[in-house]
Amino acid sequence: MSKRKSSNSGLTPDKRSRLSQPEPSEEDKTDYFSSGDGMNTSQSVTGEVGIIESISLKNFMCHSLLGPFKFGPNVNFVVGNNGSGKSAVLTALIVALGGKANTTNRGSSLKVFVKEGESSADVSITLRNRGHDAYKPEVFGQSINIDLRISSEGTRTYKLKSKTGHLVSSKKEELISILDHFNIQVDNPVSILTQEMSKHFLHSKKEGDKYKFFMKATQLDQMKEDYSYIMKTKSMTQNTVEKHRETLQELKRKYQEKEERYKNLASLDEMQHKLDELKNQMAWALVAEVEQEMKPMRERIAAEEKSTIKYDQKVEEWEGKVQEANRIFRQLQDQLEGVTDRMQQLQPQCAELKSRVQARNRDLKAAETGFHRKKTNLRDLERDKDQLNKRIQELKHSISQTNSADTRAREEKMNHIQAELEDLSFQDSTLAQQIDQFTQACATAKEKLGRMSREKQDLQRAMESKRRNLAAMENSRNDQLCRFGEHMPPLLRAIDEADRRGQFKKKPVGPLGFCIRLRDPELGLAVECCLKSLMLAFCCDNHADERELQRIMSRYFQQGRRPQIIVSRFTNTVYDVRSRAVYHPEYPTVLQSLDIENPVVANCLIDMRGIETILLIKNAKDARRAMQSVNRPRNCMEAFTREGDQVYYNRYYSSEQDRVRYLSKDIEEEIRFENIKSIFEMGFISECCRKLQAELIELQNVEEPQSEDLKPLCVPASKQFCLYLARSELHKKHYEENRKAHVDMIETLKTNLNVKDQELQASIAKASEICPERLDVRRTAKSLDSEISRLRHKINTQQDQHGHRDIIVRQYHEAKENFSNIARQVKGLEAFIRQLTDIMNTRHNVYTKMRMYLSVRCKYYFNLMLSQRGYIGKMTFDHKNDTLSISVLPGEGGKANLSDMRSLSGGERSFSTVCFVLSLWGIAEGPFCALDEFDVYMDMVNRRISMDMMLKIAASQRYRQFIFLTPQSMR
């Protein structure tokens, strides 16, 4: 199946040539449905809302997959052979837009549209949603996606999505609102003319069917049905009024009888007056009880609202952390980019220096080779020298025997050899100096190489240590023992296992830092600086347990690095230190600032550190003033500040530790600090390692490395930082959710309070009805109720003798109220009937005028369409008999009489029907129109003319979309 889509500019010359359209006359250039615009002056405005942008089908009818089909904003042709799926697209359009199954004439139930063998069928439609008339543009955007799923049981579900695919609603009421907003009428044959309805309409010869088609297309039938329903309701109301009039006379008679008895009733005024006073007090007593119930509710809401500030602070704190992390991340990115740019700038210089180093190394090797060669030559020359000396002695010995000429020759030769020997000696000394220089350079380079290798190993160990510390802090989220070292959790598990096996007389206690809790989180660093290694220490009851604990510790700790073990007899009570402890009105001791549940831990810290004699003073200035004054606290040996500084009476030591390691409650803050610190340190260490590696490569004279990139060096740090950022955002979301839950709880309490307040207001209203002036009631409602019951019993006893007063009064008021209500209802209904009669008369007049106006417009457009082929037609509306007769004279006017459409040929009748449909287009409103097989009975001439007319109308109505389905070729 193929699809042809037009552009926004209307018909193209290719379309005109394919349809073999004759040159349009001046009359043809007139816009059918507008009085001012011509055909050639095409409008630039296209449909903004309600038009179909695309549609796709899956397992619908007999098709596994059709589409998606993209539709243009104006004219669209869907062309294909029978059975290719054209009508399936139109059927899917009707069903997806809320139409009933029988509207499609393809089945009585939705389940027939599911392909055989499949469990469901899916239809997806996209509607345009632009401009000022868009439907909820802030929610849906510029298009609305309607997804329909039909199950094999015949049920359908909708999903209404925005342009971005976000699910907005799954209710059919929302779809109906969208259709009403866009004025989409899937059951209107002018909007969507199906294949079966098209054939039925073409074959129909009844005038009543044409009239029904006209009424349905203009929605006049709906108005007529509404008016009929209103008139039926009016008739039923009139019948109700007549019945009420009959009942009213009987009620009046009963009312007069009850009134007579009420006047003749002897009253018990005194007791009744007392009873009324008690009822007044009872009413306000109930109000007072409700007010007492509301008082604790208000107090709780006030307390909860105060605690909301903590949640707000937490959210703001983590929001600040997220922003800080984002800022640092951006700074790191900028630094990385700067270092990368700098590296790229220095790359040519680095390459040049490396080339020079390699050239120097080659010169060194060549010099060494020459040196060895010269050294070999020197040995040869020395050997020759020795031989020459021997020869000289022999010559001197035999010189007397030779003549003078030979003597001079030998002397010259000896002088020449001596000169060469001196030259070789000079070269030998020069080469020896060069060898010494190169030997020294090689030794220096080897020493530097060893030093840089050691530095590299130290840096790598530092990086690994940082990673282990960070991993331990990450694990401490779930297990606080991880904060005391990665080996501490398995050590404690081993101790528990040994204790279960009976290897300890008394189970060791530790680490001590895990057994204490801070009362003031700000003093965490001070306590850690005070206790130091005792934070990791263990306490044993006896030496046998100490040896067993040492054996277990040896599995997890290296010799010399295991935690300290303290042997002290376990007791169940804490030492009495009142005589030697420090007491200060403002500053606590270490013992006072800790919550220690185990007496063994408290006694151990008292013995080992004397925590009862050490003060904790947050401010350093206050600490100096308290400790270094003449009147320093009694029994106080030292003090620690919030920063961990140690203060004595005559000296002051600053702390080397800057963060709380073991006692911090805000583990996330610690992880954040360590993350940021590790990022910078690992970035620095990575840079140092890179430089050392480069120097090692240059010194070892390896091949020139590839261009280095700093980004991989920072990848682990970046990943860790991104992980920290994600966790920060997760914690922020966690606190936001907690705050929302807390706020929801407050809202629930307020709702309950409002309900109670409404109950209070209702009680006040009831009490005010009983007694308008509020009474100060000191008695309980229960006691009042008892007295009211007693007084009523007394009144009833006397009324039994004189008749029940309440019954007579109640019957009188009931009769009076019934009579008044019925009289008021009859009066209201009569007024309603009169007003409804006036309104219906006005609406019926307007309806009649609108029907006449639409009929005239339809006639005008129909004649205008017929004139395109030279036909003459006549439409006669009979609104009394609900008939519409159409007479058409084909050919030249005046040569024959007008005849009914039944006497026309199939093509002429189809052409006339198309003209009728096009005339209805002019008077019906809707964002799109769809026609299926409108040209099935037309010959080529009628089809060409009908097609041209529809295209002209479409070009003149750019704000509407037209979809034509035909099995015939468009060529």
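Residues numbered from 1 in each chain as written. Predicted model: local features only at pLDDT ≥ 70, side-chain atom pairs only at ≥ 80, totals over all residues. Heavy atoms only, no water.

For the record, the criterion: UniProt positions are given in the numbering used here, feature names are shortened, and annotations may be inferred rather than shown by experiment.
Named according to an unreviewed UniProt entry, the protein chain is Structural maintenance of chromosomes protein 6 originating from Cyprinus carpio carpio. Regarding the protein chain, the relevant UniProt record gives this comment under Sequence similarities (unreviewed entry): "Belongs to the SMC family. SMC6 subfamily."

### Some words on the overall build of the protein chain
Operational definition: Starting at the N terminus, helices and strands are each numbered in turn, a helix being any DSSP run of H or I of at least four residues and a strand any DSSP run of E of at least two. Buried residues are those whose accessible area, probed at 1.4 Å on protein chains only, stays under 20% of the maximum for their type, while exposed residues exceed 50% and partly exposed ones sit between those limits. The contact criterion used is simple: two residues touch if any of their non-hydrogen atoms lie within 4.5 Å. To measure how exposed things are, a 1.4 Å probe is used in the Shrake-Rupley method; for residues, cover is taken only from the protein chains shown.
A count of helical and extended segments in the protein chain gives 20 helices and 22 strands. A total of 971 residues make up the protein chain; the buried ones form 40% of that total. Here the analysis covers contacts within the protein chain between residues at least 6 apart in sequence; of these, 74% occur between residues at least 24 apart. Total accessible area computed for the protein chain in this model is approximately 55,500 Å², and 49% of it derives from carbon and sulfur atoms.

### Some words on the UniProt feature "coiled-coil region" (unreviewed entry) in the protein chain
This chain's UniProt record puts "coiled-coil region" (unreviewed entry) on residues 234-288, 315-342, 371-405 and 442-476. Secondary structure across residues 315-342 divides into 100% helix and 0% strand, with the first and last C-alpha atoms of the span separated by 40 Å.

### Section: a negative patch on the surface
The condition that has to hold: The patches described consist of residues with a relative accessible area above 30% and no salt bridge, like charges being joined within 9 Å and nonpolar side chains (Val, Leu, Ile, Met, Phe, Trp, Tyr) within 5 Å. Note on definitions: salt bridges are taken to be side-chain nitrogens of Lys or Arg within 4 Å of carboxyl oxygens of Asp or Glu. A positive count includes Lys and Arg, and a negative count includes Asp and Glu. His and the chain ends are not counted in either. Each charge is placed at NZ for Lys, CZ for Arg, CG for Asp and CD for Glu.
A contiguous patch of negative charge on the surface is contributed by Glu-382, Asp-384, Asp-386 and Asp-428. In terms of residue count, helix α8 (residues 269-397) provides more of the negative patch than any other element does, three residues in total. Relative to the helices and strands, Asp-386 resides in helix α8. For Asp-386, a relative accessible area of 46% puts it in the partly exposed group.

### Some thoughts on the confidence of the model for the protein chain
Our working rule: What pLDDT conveys is the predictor's confidence in a given residue, as a value from 0 to 100.
Mean pLDDT over the protein chain: 76, with 78% of residues reaching 70 or higher. Mean pLDDT across the elements of the protein chain bottoms out in helix α1 (residues 13-18) (32) and peaks in strand β11 (residues 538-540) (94). When the criterion is pLDDT under 50, residues 1-44 qualifies, and its contacts beyond four places in sequence or with other chains add up to 86 contacts. In the predicted structure, residues 701-715 sits below a pLDDT of 50 and forms 27 contacts with residues beyond four places in sequence or in another chain.

### Details of helix α14 (residues 620-627)
In an α-helix there are 3.6 residues to a turn, and that puts residues three or four apart on one side. What counts, and what does not: The arc refers to the directions leading from the helix axis to the C-beta atoms.
Taken residue by residue, α14 has Ala-620, Ala-623, Ala-626 and Met-627 as its buried positions. For α14, the angular spread of the buried residues around the axis is 125°, confining them to a single face. Its buried side turned inward, α14 meets β15 (638-640), β16 (646-647) and β17 (652-653).

### Here's the deal with helix α11 (residues 524-531)
Burial analysis of α11 places eight of its eight residues in the buried class, the great majority of the element. Taken together, the buried positions of α11 are occupied by Gly-524, Leu-525, Ala-526, Val-527, Glu-528, Cys-529, Cys-530 and Leu-531. Looking at the packing, one finds that the buried side of α11 touches β10 (516-518), β13 (594-596), α13 (599-609), β14 (614-616) and β15. Directly after α11, the chain includes Lys-532, whose backbone phi takes a positive value near 50°.

### Some points on the pairing of strand β3 (residues 63-70)
Selection rule: A pair of strands is labelled paired if DSSP reports no fewer than 2 bridges between them.
Note: strand β2 (residues 49-60) against β3, five bridges, orientation antiparallel. Residue pairing across strands places Lys-58 opposite Leu-65, the latter belonging to β3. Connecting β2 to the antiparallel partner β3 that follows it, the hairpin turn spans two residues, and Met-61 within it adopts a positive phi of roughly 55°.

### Some points on the packing of aromatic side chains
We count it as follows: Two aromatic rings from Phe, Tyr or Trp, using only the six-membered ring of Trp, form a pair when their centres are within 6.5 Å; if the ring planes differ by under 30 degrees the pair is stacked, by over 60 it is edge-to-face, and anything between is tilted. Geometrically, a lysine NZ or arginine CZ counts as sitting over a ring once it is within 6 Å of the ring centre and also within 35 degrees of the ring normal.
According to the stated counting rule, one finds 11 aromatic pairs in the structure shown. Considering the side-chain rings of Tyr-227 and Tyr-847, the 5.7 Å spacing of their centres and the 85° angle between planes classify their relative orientation as edge-to-face. One end of the pair, Tyr-227, is in helix α7 (residues 220-263); the other, Tyr-847, is in helix α18 (residues 805-866), with 620 residues separating them in the sequence. Exposure class is identical for Tyr-227 and Tyr-847. Each is buried. Three or more aromatic residues joined by ring pairs make a cluster, and in this case those are Phe-77, Phe-962 and Phe-964. Directly above the aromatic system of Tyr-652 lies the positively charged group of Arg-624, at a separation of 4.0 Å from the ring centroid. One cation-aromatic arrangement involves Arg-651 over Tyr-648; the distance from NZ or CZ to the ring centre is 4.0 Å.

### Comments concerning the sheet that holds β14
Overall, mixed pairing links the four strands, which are arranged β14-β15-β16-β17 in an open sheet. Every interior strand has two partners, whereas the edge strands, β14 and β17, have only one. The pairing of β14 with β15 spans three bridges and is classified as parallel. Residue pairing across strands places Ile-614 opposite Glu-638, the latter belonging to β15.

### Some words on the side chain of Gln-185
Here is the rule we go by: Whenever two N or O atoms come within 3.5 Å, that pair is a polar contact, provided that in protein one can donate a hydrogen and the other can accept it, and provided that, for residues adjacent in sequence, both atoms are side-chain atoms.
Along the polypeptide, Gln-185 turns up in the loop between α4 (172-182) and β9 (192-193). Engagement of the side chain of Gln-185 in a polar contact is seen with the side chain of Asn-183, the distance being 3.0 Å. In this structure Gln-185 touches Ser-191, Gln-219 and Glu-925, once residues within four positions along its chain are discounted.

### As for the pattern of salt bridges
Taken as a whole and judged by the stated rule, the model has 25 salt bridges. One salt bridge connects Asp-147 with Lys-161, and the closest N-O pair in it is separated by 3.4 Å. Separated by 14 residues along the polypeptide, Asp-147 in strand β6 (residues 143-151) and Lys-161 in strand β7 (residues 156-161) bring together distant segments of the chain. What makes Asp-147 buried here is its relative accessible area of 18%. A salt bridge links Arg-253 to Glu-250; its shortest N-O distance comes to 2.2 Å. Here the residue Arg-253 and the residue Glu-250 both occupy positions in helix α7, the gap between them amounting to three residues, near one helical turn. Three or more residues are tied together by salt bridges with common partners; here these are Asp-520, Glu-522, Lys-618, Arg-642 and Glu-643.

### Re the packing of helix α10 (residues 488-500) against helix α12 (residues 543-553)
So the rule is basically this: Helix axes are fitted to C-alpha atoms over the stretch in contact, other axes to C-alpha atoms as well, and angles between N-to-C directions run from 0 to 180 degrees. Note that the term roughly parallel is reserved for angles under 35 degrees, roughly antiparallel for angles over 145, roughly perpendicular for angles of 65 to 115, and oblique for everything else. For a crossing to be left-handed, the near helix must be turned anticlockwise from the far one by less than a right angle; the clockwise case is right-handed. Note on residue classes: Ala, Val, Leu, Ile, Met, Phe, Trp, Tyr, Cys and Pro are nonpolar, Asp, Glu, Lys and Arg are charged, and everything else, Gly too, is polar.
Across the interface, α10 lies against α12 with an axial gap of 10 Å and an inter-helix angle of 135°. By the criterion of interaxial angle, the relationship of α10 to α12 is oblique. The chirality of how α10 crosses α12 is right-handed. Facing α10, whose interface residues are Leu-491, Ala-494, Ile-495 and Ala-498, α12 presents Leu-549, Ile-552 and Met-553. Grouping the amino acids of the contact of α10 with α12 by side-chain chemistry returns seven nonpolar, no polar and no charged.

### What to know about the sheet that holds β2
The antiparallel open sheet is built from six strands, whose spatial order is β3-β2-β5-β6-β7-β8. Edge positions in the sheet fall to β3 and β8 (167-169), since each of these pairs with one other strand and no more. Across the sheet, the mean angle separating the axes of adjacent strands is 25° when strand polarity is ignored. When β7 meets β8, the two strands line up antiparallel, connected through two bridges. Paired with Lys-161 across the two strands is Leu-167, which belongs to β8. Sitting on the sheet, helix α2 (residues 86-96) touches β2, β3, β5 (120-129), β6 and β7, and the angle it makes with β2 is about 110°.

### As for the nonpolar core
Operational definition: Grouping buried Ala, Val, Leu, Ile, Met, Phe, Trp, Tyr and Cys residues that are joined through side-chain atoms within 4.5 Å yields what is termed a nonpolar core.
By size, the foremost hydrophobic cluster in this structure holds 49 residues, and its most contacted members are Leu-491, Ile-516, Leu-531, Phe-538, Leu-549 and Leu-605. Every element with two or more residues in this core is listed here: α10, β10, α11, β11, α12, β12 (565-567), α13 and β14. Those residues within four positions of Leu-549 in sequence are excluded, and the remaining contacts are Ile-495, Phe-504, Pro-508, Phe-538, Cys-540 and Ile-565. Counting 48 residues, the second largest nonpolar core, distinct from the first, contains Val-75, Val-79, Phe-916 and Ile-953.

### Points about the pairing of strand β4 (residues 75-79)
Counting buried residues in β4 gives five out of five residues, a clear majority hidden from the surface. Alternating residues of β4 divide into Val-75, Phe-77 and Val-79 and Asn-76 and Val-78, and every residue in both groups is buried. Relative to strand β22 (residues 961-966), β4 runs parallel, the two being bridged by five bridges. Across the sheet, Phe-77 pairs through a bridge with Phe-964, a residue of β22.

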